[in-house]
Amino acid sequence: MISPNLRSGAPLSPAAADVLRIVNDSGTPVFVTVHADGRRRYSYWQPLDPRTGRGGCYTALPTAECDRLHSAGRITLGEPLTDPTRTIYRVRPARTPAPPARAARTAARPAARPRPERGRLWAA
């Protein structure tokens, strides 16, 4: 069952929020590899951070959180790249639907109130 929090835009779990942050970063491509046996692995390339010396490797994302986000429509999968043992998809954030266009008003506007002439007061 999909968590209501994922559908409604309510606050996400810290893990789901972290996944969305990474997926939304256009400089960090995220992929999901689906193996022939059905096993899935979401991952991205983590560049080397010269300050800390960490990175320079593929980093896995929590599969359960990614699957929940995909089921809820928060992330989408791109075109498949298939070989005999696996299929790889690019993971992207789901586009938010455009707000509905405002319907043209069909009701006539009320007539404008006449302006008083100079020097005359409005009659009550």
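The structure displayed is predicted, hence computed values, not measured ones.

Moving on, we get to the packing of helix 2 (residues 14-24) against helix 3 (residues 63-71). Contact geometry of helix 2 with helix 3 gives a least axis separation of 9 Å together with a crossing angle of 70 degrees. Classified by the angle their axes make, helix 2 and helix 3 are roughly perpendicular. In contact with Ala15, Ala16, Val19 and Leu20 of helix 2, helix 3 contributes Glu65, Cys66 and Leu69. In terms of residue class, the contact of helix 2 with helix 3 is made up of six nonpolar, no polar and one charged.

This part is about the pattern of salt bridges. Pairs can form between side chains of opposite charge once their charged atoms are near each other. On inspection of all chains with the given rule, the structure shows five salt bridges. The partner of glutamate 65 in a salt bridge is arginine 68, and the shortest N-O contact between them spans 2.9 Å. Of this pair, glutamate 65 and arginine 68 both sit in helix 3, three residues apart, which is roughly one turn of that helix. Take arginine 68: its relative accessible area is 36%, and that puts it in the partly exposed class.

So, how was this worked out
- Residues numbered from 1 in each chain as written.
- Predicted model: local features only at pLDDT ≥ 70, side-chain atom pairs only at ≥ 80, totals over all residues.
- Heavy atoms only, no water.
- Axes fitted to C-alpha atoms, helices over the stretch in contact; angles between N-to-C directions.
- Helix = DSSP H or I, 4+ residues; strand = E, 2+ residues; numbered from the N terminus.
- Parallel < 35°, antiparallel > 145°, perpendicular 65-115°, else oblique.
- Contact = heavy atoms within 4.5 Å.
- Nonpolar A, V, L, I, M, F, W, Y, C, P; charged D, E, K, R; others polar.
- Salt bridge = Lys/Arg side-chain N within 4 Å of Asp/Glu carboxyl O.
- Buried < 20%, exposed > 50% of the residue type's maximum accessible area, 1.4 Å probe, protein only.

By themselves, these figures tell us nothing about what the structure is for.
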